[in-house]
Structures are given as structure tokens and as C-alpha cells.
Amino acid sequence: MNRRRILTPQRLLGIAMAGAILSGCVTSRVENIRENTTGIGAGEGIVIMAKSYHLGNETEAKFIACVGNSIGSGSTGLRVVPNTEFVDALFPWFEPRTAPAETKGLPTLMSRPGVAEKIKEKGIRYVVWLDGDTDKVAGGGSMSCAAGPGGGGCFGFAWWQNDSNYEADVWDLAGLEDAGTVSADVSGTSFLPAIVIPIPLIARTQNKACNALADQLKLFIISDEAV
Amino acid sequence: MSLRLKTSIATLVVIGIAGCGGAKVTLHNPTIPKPLIDQLPLSVAARYPAVFDNFVHEEQVIGKEKWSIDLGRANRILFTQLFGSMFTEFRVIDNEVNPQDLEFDALIEPSIDAFEFSVPSQSQTDDFAVWIRYRIKIFDKDGIQIANWPIAAYGKSQSTTFSTDEALQRAAVLAMRDAAALIILQMDKSTGISKLRGTNVQQTSPPSVTPVHEDIALQTAAEEIPDESS
């Protein structure tokens, strides 16, 4: 009796919809360019930062949090220092206005009073600067919905394409140099067909870009591959 | 019309009106972290305008909602923390006190020239943005104005990450931190305050704080003091 209750048509429809939502199709390309050898020791950590909005960067805060969480999780997870903690500890040198835009500013930064000591105290080996965002680049279709005393429903078809393009610049604070760049370009088209009930087929490009970028960053940092 | 239907309609109207009402946001005494800098060897006093104790800004988005942000004492707290970290000796004086009766190297009078913000419905983005224009006047111990320095600060926060209230609060706090960073980097260069060193403190060289982003941070300089005698 219990089994029959579990397999009601409504529940089956819910499972089918959940499956459809999760099955959004995306294409992705992840690349890295290595400038210097990397590697990370015991007790060393990284911090994930967004490039300054003073420079026009629009990287979403939730994307930065997602990359940080992904890099820090799993058996090969790295120690990720929360960026608010890092920025506060080094105030005012990593504010959007004052943060160095290029590695050539690192020697000046490290010579400021207390900066090198604070970075050592926090155990920060790498600063990862994220740039990029997710945009809706195309869309179309039409859908109309109506509701009346006897019920309601939708009919039509809509689609849209999202592109998530992100780049992570890895700075090595030990060598005061640019270790390299990892980028993730993910494109996906979402569909919303509706015959009475709309069934969303969502392409989760940002989530895919987050996971792809985080996995590649982890490999990039722990790898001792020569240039 | 049944009582239940009337109640439902009234509830919907109230919700509709509330939905168009914008929001009132209050900053609860935000603080800035202790800056990693060398202090300037100066004895400095600061005098704040009354508005620093209760600053409220309202903005009506045309045809849409009305927003209000209450900074309360946030500006007084910001400048007290900031100057307390920047100078070896610092105190806040009341407006009733005659500065000539006190000993100091410099008197600083910060004020707010303008405060603006934009909400997502205006900018067609997910961002709340806050602009603050502060003005910093510096007087020597004889009461002669030596600098009149306008600074523009900016903060931005995304509404997709925070609730709308939190996003506007955060944008305001980021703008105040931006002002603090700019003052730390540029104050001596733009106003020459370290030249006012007197006999109150030991003479040492002031630290050089050249911004890493010189192109951004150097967009500010003290205005010439108008000749009031003409």
C-alpha cells in the first residue's frame, strides 16, 4: 500500500520535471596558460578575489563563493581563506580602489608596513583574481498563460542562451609573480516548452563554469608541472 | 460581496501598496578594520558637523518606489576610527570649543557634499551603488585653512547575493571604506598635512603611501582655497 502511494502520477510527474530541470545541456571549454611552476605546501592557503569593480569587473559574488567552496571541498580540497577576512586583515591594501592590478605592484605592496607579515600569518600562498560574468546572449519564442474559474494553463515555447565566461588569474605571493591563468567558457541554451504546464529545461551555465573552473584551478595549483 | 472576498481584496491592495513603497535602510554603526599603515607623527583634532550624528538620505525613483537610508552616526564613527589610526595623537572636539584654546598641529573638518545611490530598477542591473562626496578642510593651529579637499567615494553591491536592504547597506559601507582608503593613500599628498608638524610630537619622516592603482587613486587633489579677502 505504501509503495502504491509513493508512485502516484503527481509524484512521477514531479520526478520527471526534476530530471528535466537537471538535464539542461551545456558546452564548455576550460583552458589554462601556465607562466610559472606552482605547488602548495602544508599550511599554505589561497584566497579567491574578484577583480575590482573600479576596473569594470562584474563577477557575481555568488560565483566567487561557489568557486571558493568547490576548491575547498573534497579530499584534494585546498585551504581557502574567506576573502572578507583577507581584505579586512590587509585593509586598505586590497580594497577595490587600492588592490594591485598587476603583479608588478606586488613588491611595493609587500614592502608596506605589516603587509608581508600579515600575509605570512594568514598563510596565503596564492591570490586568485576572478574576472568575467554570465550573460544572456540570445532568446526567443513566446508563451501565453491564462487562468479562469475552472483552472489555468500555459501554451507556447521559449528559449534563451546564456554564456558564462570567467577567467582566473593566479598570483604567487611567494615568488611575487603571475603563475598563470585558468579560464572557463560555458555556453548553454535553456528551453521552456509549455502545454498546459511549463516544463523548464534549464542550462546551468554558471554552475557548470564554477565547477569546471574550480576543478582546473585545483589541478593547476597543486601540479608541479614545469613551464 | 462576501466578507472573505472583501478581506482578500483589501489584503491584496495593502500588499500592492507596500510593494511599491521602496525601503528604509539603516546602517548600524559600521566600523572599518584597523589599517596596516604607519601613523603620521601629528597631533590632530577633528570637528564634525551636526549631520554626522544623524544623516538620512531619501531618494524617490521617478514613478516607482521611495528609498531612504539612515547612516545615523556612521560618518562620525568612520572618521574617528580613521583619523585615530592615521595620526599619533587624535581627539574629537565639540563645536562649542574654541580651537585656539587647544594645542594641536592640525584641525580637520570633514563634511558631506553629496550622497547619492542607485537601485536596480534605475540602473537595469542587479546592483545597488552608492556615491558619497566628502569634503575635508584642514586648518593649522592658528586657524588658517590650508586645504580644501573634495573626495569622491563609490561602493557597489549585488542584490542577487544579499537582500535588497543588505545590498544597499553593504554598498554604503563599501563607499565609506573606499573613502577611508582614499584618505589614507592621498591625504598627505593632496593636502600637505604633514608639513603642519609642530613641537607637540617627535619629528620623524612621514611614511610614503603611494597607491598601487595610481591611475584611480590620483583622481583627486585639494582645491585651491579661494581668496576671501577679495
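This text gives an overview of the structure that appears in the document.

Definitions and limits used
- Residues numbered from 1 in each chain as written.
- Chains lettered and ligands numbered in written order.
- Predicted model: local features only at pLDDT ≥ 70, side-chain atom pairs only at ≥ 80, totals over all residues.
- Heavy atoms only, no water.
- Helix = DSSP H or I, 4+ residues; strand = E, 2+ residues; numbered from the N terminus.
- Buried < 20%, exposed > 50% of the residue type's maximum accessible area, 1.4 Å probe, protein only.
- Areas by Shrake-Rupley, 256 points an atom, 1.4 Å probe, with all protein chains shown as cover.
- Pairing = 2+ DSSP bridges.
- Axes fitted to C-alpha atoms, helices over the stretch in contact; angles between N-to-C directions.
- Contact = heavy atoms within 4.5 Å.
- Buried area = accessible area lost by both parts, 1.4 Å probe.
- Salt bridge = Lys/Arg side-chain N within 4 Å of Asp/Glu carboxyl O.
- Polar contact = N/O pair within 3.5 Å; in protein donor to acceptor, adjacent residues only side chain to side chain.
- Nonpolar A, V, L, I, M, F, W, Y, C, P; charged D, E, K, R; others polar.
- Phe/Tyr/Trp six-rings, centres within 6.5 Å; stacked < 30°, edge-to-face > 60°.
- Lys NZ or Arg CZ within 6 Å of the ring centre and 35° of its normal.
- 1 Å grid on protein atoms, 1.4 Å probe; cavity = no way out; pocket = protein on both sides within 12 Å on 5 of 7 lines; lining within 4 Å.
- Points joined across faces, edges and corners; volume = space filled by probe spheres on them.

## Here's the deal with the overall build of chain A
The number of helices and strands found in chain A is seven helices and six strands. Ordered by position in the sequence, the α and β elements of chain A form the string α-α-β-β-α-β-α-α-α-β-β-β-α. The proportion of buried residues among the 227 residues of chain A is 39%. Surface exposure of chain A reaches about 11500 Å², of which carbon and sulfur atoms provide 55%.

## A closer look at the sheet that holds strand β5 (residues 151–172) of chain A
All names here are of chain A. Ordered in space as β1-β6-β5-β4-β2-β3, the six strands form an open sheet in which the pairing is mixed. Of all the strands in the sheet, the pair left with one neighbour each is β1 (26–34) and β3 (79–81). The sheet shows a mean angle of 20 degrees between the axes of neighbouring strands, direction not considered. As paired strands, β1 and strand β6 (residues 177–198) are joined by nine bridges and run antiparallel to one another. Residue pairing across strands places Glu31 opposite Ser183, the latter belonging to β6. Across the sheet, helix α7 (residues 205–222) lies against β1, β2 (45–50), β4 (124–148), β5 and β6, angled at about 155 degrees from β6, the strand it touches most.

## Re the interface of chain B and chain A
Reports of interface size often rely on the accessible area that becomes lost once the parts have come together. Taken residue by residue, the interface counts 31 residues in chain B and 29 residues in chain A. A combined buried area of about 2500 Å² lies between chain B and chain A, and 59% of that area is made up of carbon and sulfur atoms. At the boundary of chain B with chain A, the tally comes to four salt bridges. Between Arg177 of chain B and Glu95 of chain A there is a salt bridge, with the nearest N and O atoms lying 2.7 Å from each other. The tally of links between chain B and chain A comes to 10 residue pairs in polar contact (both at pLDDT 80 or more). Sort the elements by how many residues they give to the side of chain B that touches chain A and helix α4 (residues 164–191) of chain B lands first, with eight residues. Of the residues assigned to the side of chain B that touches chain A, the class counts are 19 nonpolar, six polar and six charged.

## A closer look at the environment of Glu58 of chain B
By secondary structure assignment, the location of Glu58 of chain B is in strand β3 (residues 55–60). As a C-alpha pair, Glu58 of chain B and Asp70 of chain B span 12 residues in sequence and 8.6 Å in three-dimensional space.

## Concerning the pattern of salt bridges
Here the structure, examined in full by the defined rule, presents 17 salt bridges over all chains. Here Asp185 of chain A makes a salt bridge to Arg29 of chain A, at a shortest N to O gap of 3.1 Å. Residue Asp185 of chain A is located in strand β6, and its partner Arg29 of chain A is located in strand β1; the two are separated by 156 residues in the primary sequence. On the accessibility criterion, Arg29 of chain A (47% relative accessible area) is partly exposed. In this structure, Asp178 of chain B and Arg97 of chain A form a salt bridge, with 2.8 Å as the shortest nitrogen-oxygen distance. With Asp178 of chain B in helix α4 and Arg97 of chain A in the loop between α4 (83–89) and α5 (106–110), the pair connects residues from two separate chains. Across the pair, Arg97 of chain A and Asp178 of chain B agree in class, each one buried.

## Thoughts on the pairing of strand β7 (residues 127–140) of chain B
All names here are of chain B. Burial runs high along β7: 11 of the 14 residues are buried. As paired elements, strand β6 (residues 106–118) and β7 share 12 bridges and run antiparallel to each other. Paired with Phe117 across the strands is Val130, a residue of β7. As paired elements, β7 and strand β8 (residues 145–158) share 13 bridges and run antiparallel to each other.

## Some words on the packing of aromatic side chains
Each pair of aromatic rings is reported with the distance of its centres and the angle of its planes. Taken as a whole, this structure holds 16 aromatic pairs over all chains when the rule is applied. The interplanar angle of 90 degrees and the centroid separation of 5.5 Å between the aromatic rings of Tyr53 of chain A and Tyr154 of chain B together place this pair among those described as edge-to-face. Here Tyr53 of chain A is found in the loop between β2 and α3 (61–72), whereas its partner Tyr154 of chain B is found in strand β8 on a different chain. Of the two residues, Tyr53 of chain A and Tyr154 of chain B, neither departs from the other in class, the shared state being buried. Taken together, the ring pairs in this structure connect Tyr48, Phe52, Phe79, Phe83, Phe87, Phe90 and Tyr134 of chain B into an aromatic cluster. A cation over an aromatic ring shows up here: Arg34 of chain A above the ring of Phe220 of chain A, its NZ or CZ 4.2 Å from the ring centre. A cation sits over an aromatic face here: Arg112 of chain A above Trp93 of chain A, 4.1 Å from the ring centre.

## Describing empty space enclosed by the protein
Residue and element names in this part refer to chain B. According to the stated counting rule, one finds two cavities of 30 Å³ or more in the structure shown. In this structure, the second largest cavity occupies an estimated 50 Å³ of space. Surrounding the second largest cavity, Pro30, Thr31, Ile32, Leu78, Gln81, Val173, Met176 and Arg177 form its lining. Looking at which element gives the most residues to the lining of the second largest cavity, the answer is α4, with three residues. Looking at the lining of the second largest cavity, its residues break down into five nonpolar, two polar and one charged.

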